[in-house]
Every structure is written in structure tokens, then in C-alpha cells.
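If you want the building blocks of each chain, they are given just below.
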Amino acid sequence: PIKSQENKKGEEVLDIELDNYILLSPDALPLDEKNKEVLEKIIEKDPISLIEYWSVDPNYDGETFRSKWQEYRENNKDLRIKKTAKLVVPKIKGKRTICVKAVDVFSFESATVHVI
């Protein structure tokens, strides 16, 4: 989910939270049955733990992704990413298009676009 509010300086504050992640193609991975079972348990219990890094373009134009915020799992001692981001951006007139991209530990990339 994405929440937006204006701060005292007239800027827009975006609060972005990852609430799920869907592995694009777990069957395409070259894993034996034992490791597939482990992966299925991770997907069921904590799919966000599969994300290697994620980034945000708060002014997505629909074509070119320009990352203005990133989170990498190596930044944290427990090798888990932060599930939330807070960005302070200039306020714009009209709707804002935000793109969130994630890359998982298998190098699959996914993106979602939100208009607020």
C-alpha cells in the first residue's frame, strides 16, 4: 500500500509498504524436490524474504524507470529487506504515478505501478 500526505514544507510524503511478493516462476528454477519443498514453505510463510532489493520511482512516466529510493538486503544484519519506504518529494498537480520494482534472489524482476 501507498499513502500520501503533505508535510509542513508543502512537500509530499510517500509511505510505501511491501505487503506481498509473488515469485514469477518457481517451477522454472533448477531445484531438486527437497529444495523445491523448502522454497514452497518460504513462499507460503514469508515471500518477501525472497526479495534481494527493491526500488521506487515516484514520478514514473510509463517508459523509463528512474530509481529515487532503493533497499538492499545486504544493508541489514539479518539479510532481510525493510518492507517500508518513506520518500519526501516535491508536490505535483494532479495524479502521481509511482512504480515499485523488486528483484528476487533468483534475479527475477517484477514491477507494480500505482496512481495516486
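Conventions we followed
- Residues numbered from 1 in each chain as written.
- Predicted model: local features only at pLDDT ≥ 70, side-chain atom pairs only at ≥ 80, totals over all residues.
- Heavy atoms only, no water.
- Pairing = 2+ DSSP bridges.
- Helix = DSSP H or I, 4+ residues; strand = E, 2+ residues; numbered from the N terminus.
- Polar contact = N/O pair within 3.5 Å; in protein donor to acceptor, adjacent residues only side chain to side chain.
- Contact = heavy atoms within 4.5 Å.
- Core = buried A, V, L, I, M, F, W, Y, C linked by side-chain atoms within 4.5 Å.
- Buried < 20%, exposed > 50% of the residue type's maximum accessible area, 1.4 Å probe, protein only.
- 1 Å grid on protein atoms, 1.4 Å probe; cavity = no way out; pocket = protein on both sides within 12 Å on 5 of 7 lines; lining within 4 Å.
- Points joined across faces, edges and corners; volume = space filled by probe spheres on them.
- Nonpolar A, V, L, I, M, F, W, Y, C, P; charged D, E, K, R; others polar.

Trainee: Break down the pairing of strand 1 (residues 2–6) for me, with residues and values.
Mentor: In the sheet, strand 1 pairs with strand 2 (residues 12–17) via five bridges, with the strands oriented antiparallel. Among the inter-strand pairings, isoleucine 2 is bridged to a residue of strand 2, identified as isoleucine 16. The turn joining strand 1 and strand 2, which pair antiparallel and follow one another in sequence, is formed by five residues; a positive phi near 85 degrees is taken by glycine 10.

Trainee: Account for unusual backbone geometry, naming residues and giving values.
Mentor: Of note in this structure, serine 107 is not a glycine but carries a positive phi near 75 degrees. Examined against the element boundaries, serine 107 turns out to sit in the loop between strand 6 (97–104) and strand 7 (109–115).

Trainee: Kindly report on the side chain of arginine 73, identifying the contributing residues and their values.
Mentor: The topology assignment puts arginine 73 in the loop between strand 4 (69–72) and strand 5 (84–89). Within the structure, arginine 73 has its side chain in polar contact with the backbone oxygen of serine 49 (distance 2.4 Å). Within the local environment of arginine 73, its side chain forms a polar contact with the backbone oxygen of isoleucine 51, the two atoms lying 3.3 Å apart. Aside from chain neighbours lying at most four places away, what touches arginine 73 is Ser49, Ile51, Glu52, Leu79, Arg80, Ile81 and Val105.

Trainee: Account for the nonpolar core, with residues named and values stated.
Mentor: Formed by 21 residues in total, the largest nonpolar core has its most connected members in Ile16, Ile51, Trp54, Val56 and Leu87. Contributing elements (two or more residues each) for this core: strand 2, strand 3 (51–57), strand 5 and strand 6. Residues contacting valine 56, with those up to four places away along its chain left out, are Ile16, Phe65, Arg66, Ser67, Lys68, Trp69, Leu87, Ile98, Cys99 and Val100.

Trainee: Explain the layout of surface pockets to me, and be specific about the residues and the numbers.
Mentor: The volume enclosed by the largest pocket comes to roughly 320 Å³. If you go around the largest pocket, you meet 17 residues; those closest to its centre are Leu18, Asp19, Asn20, Val100 and Thr112. The leading source of residues in the lining of the largest pocket is strand 7, at four residues. For the lining of the largest pocket, the class distribution of residues is ten nonpolar, four polar and three charged.

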